[in-house]
Amino acid sequence: MARRDGRLTHEIDPQDRSPQDACGVFGVWAPGEETAKLTYFGLYALQHRGQESAGIAASNGKQILVYRDLGLVSQVFHERDLEMLQGHIAVGHTRYSTTGSPSFENAQPTLGPTPFGTVALAHNGNLTNFDELEEMADQRRADAHKVVEAATQKSMRTRPFRDSSNDTSLITELLASEEGENLADAALRLLPKVQGAFSLVFMDEHTLYAARDPHGVRPLSLGRLESGWVVASETAALDIVGASHVREVEPGEIIAIDEDGLRSYKFAEPTDARCVFEYVYLARPDSVLNGKTVHAARTEMGRQLAREFAVDADLVIATPESGTPAAVGYAEESGIPFGQGLMKNAYVGRTFIQPSQTLRQLGIRLKLNPLRENIAGKRLVVVDDSIVRGNTQRALVRMLREAGAKEIHIRISSPPVKWPCFYGIDFATRAELIANGLTTDEICKSLGADSLGYISLDGMIEATEQQRSKLCTACFSGEYPIPVNNTSPDKGC
């Protein structure tokens, strides 16, 4: 579907977007390696976490250079750009804008002076005390000005660092005015004051840092190279650069990596509230979260779904690609054959050709097309990961009916989404969520399906093999583990 700039989005229906994680982060410390290229490939593996902008910052020990722009990783960076980013440390970021049109100012990593050198920072998450931190930054404005003047010999900027409206720039600004002997000390003093969800990867000219909020809402993992270390939002990014997975960055932990080795600091006691939706949809299936492979969790969700909502049918199909593992699990548990019923056009994601009005009306067919010979005359179980507004599923049911499906039974491998996320996922507003105002039977009728079944909250959690008390289920239960107050979900990374 067309964006305002005339390109197609990666969505089936931009008015019914799947939940989107706001960011992916990556960092590497590896003397002698082409760290910018390693970061490029790491971001490539994290592209699913953000498609609006990408950026890389690199340090050669004397200065930090940053290159960032709007677009996919492969669109932003070319060989000459990566050759320019020389150094033994690099951090990278891929971003999904939560509201409005994409903005270059919101692209990351952010860059700014501190009393300890330059800092480049990338962030995944959303802060819940943004207004409080902004007031703190305003009170410290004079101190921040002094840092800018000392670093740049200029005094023209009236609001140092905050050229953008997101909380990443705010953290960068606050680091400049925080007391401490070095950047690690400043972070140890600042981060206990920061509330919400944040997985940070940042660096100065000599040291790579990683930090995770005390609840561990967003994932962040540590990996080992032969010649250095890597931190990334997901273990799949470690795999693609040849790093072995060591462990997760613990909630409430800061890691510092330089020529003196790896050092760990605790800035807060952990109170785990890891996002369960990472298991449902956000993370790559080949990633590992807290010891559990995402693919295995999703397959088990499908098995549990079959136990909870059995039905007589001829074929189980998935809404590709996110529904596939759960569909396989449903088929295995139910004994109903799994097969392909929908073909996905993987290349509709971005194009400079603006579709005609006719193509806009076709909507979902730009992304998916039914295999009529597999569908005609059959009773189908259609497995998907979630329903947001319902527009996509409604169009999908209509398309499958037109292809000759005899019955359509929709099965969803997550409970009804009834609440917005304030911790870094771009959901619809609560008023727009179809499950917020309708019963399951009413939703089924609205979609035009023969039956509809959502996995239970307990069944989904059991499939992750995680303790319920250590998971955030706010979007399903309305139980927010971190106070949200008047937090706006659009201030995130």
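Definitions and limits used
Residues numbered from 1 in each chain as written. Predicted model: local features only at pLDDT ≥ 70, side-chain atom pairs only at ≥ 80, totals over all residues. Heavy atoms only, no water. Phe/Tyr/Trp six-rings, centres within 6.5 Å; stacked < 30°, edge-to-face > 60°. Helix = DSSP H or I, 4+ residues; strand = E, 2+ residues; numbered from the N terminus. Buried < 20%, exposed > 50% of the residue type's maximum accessible area, 1.4 Å probe, protein only. Arc of directions from axis to C-beta. Contact = heavy atoms within 4.5 Å. Lys, Arg positive; Asp, Glu negative; His and termini not counted. Salt bridge = Lys/Arg side-chain N within 4 Å of Asp/Glu carboxyl O. Polar contact = N/O pair within 3.5 Å; in protein donor to acceptor, adjacent residues only side chain to side chain. Pairing = 2+ DSSP bridges. Axes fitted to C-alpha atoms, helices over the stretch in contact; angles between N-to-C directions. Core = buried A, V, L, I, M, F, W, Y, C linked by side-chain atoms within 4.5 Å. pLDDT = per-residue confidence, 0-100. Disulfide = S-S within 2.5 Å.

## Focus on the packing of aromatic side chains
Two aromatic rings are characterised by how far apart their centres lie and by the angle between their planes.
Alright, step 1. Per the stated rule, a full pass over the model turns up 10 aromatic pairs.
Alright, step 2. A centroid spacing of 6.2 Å and a plane angle of 25° characterise the contact between Phe198 and Phe267, whose relative ring orientation is stacked. In this pair, Phe198 sits in strand 8 (residues 196-203) while Phe267 sits in the loop between strand 14 (261-266) and strand 15 (274-275), placing the two residues 69 residues apart along the sequence.
Alright, step 3. With relative accessibility at 0%, the residue Phe198 sits in the buried group.
Alright, step 4. Phe267 gets classed as buried once you look at its relative accessible area, which sits at 9%.
Alright, step 5. Seen from their ring centres, Phe277 and Tyr281 are 6.2 Å apart, and the 55° between their planes marks the pair as tilted. Pair noted here: Phe277 and Tyr281 are both in helix 9 (residues 277-282), with a separation of 4 residues, about one helical turn.

## Observations concerning helix 15 (residues 440-447)
Alright, step 1. Here helix 15 has its buried residues at Ile443, Cys444 and Leu447. Seen along its axis, helix 15 keeps its buried residues to an arc of 100°; they face one direction. Every exposed residue of helix 15 that faces more than 90 degrees away from the buried side is listed here: Asp441 and Lys445.
Alright, step 2. Of the surrounding elements, those touching the buried residues of helix 15 are helix 14 (391-402), strand 22 (407-412) and strand 24 (451-454).
Alright, step 3. Just beyond helix 15, the residue with positive phi is Gly448, at close to 85°.

## Re helix 1 (residues 35-45)
Alright, step 1. Of all 11 residues that make up helix 1, 9 are buried, and the element is covered over most of its length.
Alright, step 2. Within helix 1, the full set of buried residues consists of Thr35, Ala36, Lys37, Leu38, Thr39, Tyr40, Gly42, Leu43 and Ala45.

## What about the side chain of Asp204?
Alright, step 1. Inspection of the secondary structure assignment puts Asp204 in the loop between strand 8 and strand 9 (208-212).
Alright, step 2. Of the side chains with opposite charge, Arg263 comes closest to the buried, unpaired Asp204, at an N-O distance of 8.2 Å.
Alright, step 3. Here His206 takes part through its backbone nitrogen, which lies 2.9 Å from a polar atom of the side chain of Asp204.
Alright, step 4. Reaching out from Asp204, the side chain makes a polar contact with the backbone nitrogen of Thr207 at a distance of 2.7 Å.
Alright, step 5. Aside from chain neighbours lying at most four places away, what touches Asp204 is Ser59, Ile64, Ile89, Thr118, Leu183 and Tyr209.

## Focus on the sheet that holds strand 18 (residues 315-318)
Alright, step 1. As summarised here, the arrangement of the 4 strands in space is 18-21-22-24, forming an open sheet in which the pairing is parallel. Edge strands, defined here as strands with exactly one partner in the open sheet, are strand 18 and strand 24. On average, each strand axis in the sheet is inclined to that of its neighbour by 20°, with strand direction left out of account.
Alright, step 2. Pairing between strand 18 and strand 21 (residues 379-384): 4 bridges, direction parallel. Residue pairing for strand 21: Val316 is matched across the bridge by Val381.
Alright, step 3. Lying over the sheet, helix 11 (residues 324-334) contacts strand 18, strand 21 and strand 22, oriented at roughly 165° with respect to strand 18.

## Focus: the nonpolar core
Alright, step 1. If you look at the biggest cluster of nonpolar residues, it comprises 47 residues, and the most contacted ones within it are Phe277, Met301, Val316, Tyr423, Met460 and Phe476.
Alright, step 2. Of all elements in the fold, only helix 9, helix 10 (294-308), strand 18, helix 11, strand 21, helix 16 (457-464), strand 25 (471-472) and helix 17 (474-477) reach the threshold of two or more residues within this core.
Alright, step 3. Apart from the residues within four sequence positions on either side, Met460 is in contact with Val276, Val280, Met301, Ser413, Ser414, Pro415, Ile455 and Phe476.
Alright, step 4. If you look at the next biggest cluster of nonpolar residues, it comprises 26 residues, including Leu121, Phe130, Ile171 and Leu175.

## Side note on the pairing of strand 6 (residues 110-114)
Alright, step 1. In terms of burial, strand 6 is a largely internal element, 4 of the 5 residues being buried.
Alright, step 2. Relative to strand 7 (residues 117-127), strand 6 is paired through 5 bridges, and the arrangement is antiparallel. Across the sheet, the residue bridging to Gly112 is Val119, located in strand 7.
Alright, step 3. Following strand 6, the chain reverses through 2 residues before pairing antiparallel with strand 7.

## Concerning the confidence of the model for the protein
Interpretation of the predicted coordinates at a detailed level should be avoided for regions scoring low in pLDDT.
Alright, step 1. Residues of the protein with pLDDT of at least 70 account for 84%, and the chain-wide mean is 88.
Alright, step 2. With pLDDT under 50 throughout, residues 154-160 is counted as low confidence; its partners more than four residues away or in other chains account for 16 contacts.
Alright, step 3. Contacts of residues 350-354 to residues separated by more than four positions or lying in other chains number 17 contacts, the stretch itself having pLDDT below 50.

## So, the sheet that holds strand 3 (residues 53-59)
Alright, step 1. The 7 strands lie next to each other as 4-3-5-2-11-10-12, forming an open sheet whose pairing is antiparallel. Among the strands making up the open sheet, the edge pair consists of strand 4 (64-70) and strand 12 (244-248). Across the sheet, the mean angle separating the axes of adjacent strands is 15° when strand polarity is ignored.
Alright, step 2. Sitting on the sheet, helix 1 touches strand 2 (23-29), strand 3, strand 5 (89-95) and strand 10 (221-225), and the angle it makes with strand 5 is about 25°.

## Remarks on the pattern of salt bridges
Alright, step 1. This model, assessed by the stated rule, comprises 25 salt bridges.
Alright, step 2. One salt bridge connects Lys37 with Glu79, and the closest N-O pair in it is separated by 2.7 Å. With a gap of 42 residues between them, Lys37 in helix 1 and Glu79 in helix 3 (residues 79-84) connect regions that are remote in the sequence.
Alright, step 3. The class for Glu79 is partly exposed, based on a relative accessible area of 48%.
Alright, step 4. Between Lys292 and Glu465 there is a salt bridge whose closest N-O contact spans 3.2 Å. Linking Lys292 in strand 17 (residues 292-293) with Glu465 in the loop between helix 16 and strand 25, this pair joins segments that are 173 residues apart in sequence.
Alright, step 5. Residues joined in a network through salt bridges with shared partners are Glu300, Arg303, Arg307, Glu332 and Glu333.

## Brief notes about the side chain of Asp213
Alright, step 1. Following the sequence through the fold, Asp213 ends up in the loop between strand 9 and strand 10.
Alright, step 2. There is no salt bridge for the buried Asp213, and the closest opposite charge comes from Arg212, which lies 5.7 Å off by N-O distance.
Alright, step 3. Within the local environment of Asp213, its side chain forms a polar contact with the backbone nitrogen of His215, the two atoms lying 2.7 Å apart.
Alright, step 4. Only 2.9 Å separates the side chain of Asp213 from the backbone nitrogen of Gly216, close enough to count as a polar contact.
Alright, step 5. Setting aside its immediate chain neighbours within four residues, Asp213 contacts Gly196, Ala197, Phe198, Arg218, Pro251, Gly252 and Phe267.

## Some words on the state of the cysteines
In protein chemistry, a disulfide is the covalent bond that joins the sulfur atoms of two cysteines.
Alright, step 1. Throughout the structure, instances matching the rule amount to 0 disulfides.
Alright, step 2. For Cys275, which is in no disulfide, the shortest distance to another cysteine sulfur is to Cys472 and amounts to 6.1 Å.
Alright, step 3. Here Cys275 falls in the buried class, since its relative accessible area comes to 7%.
Alright, step 4. This cysteine, Cys421, is not joined by any disulfide, and Cys275 carries the nearest cysteine sulfur, 6.2 Å off.

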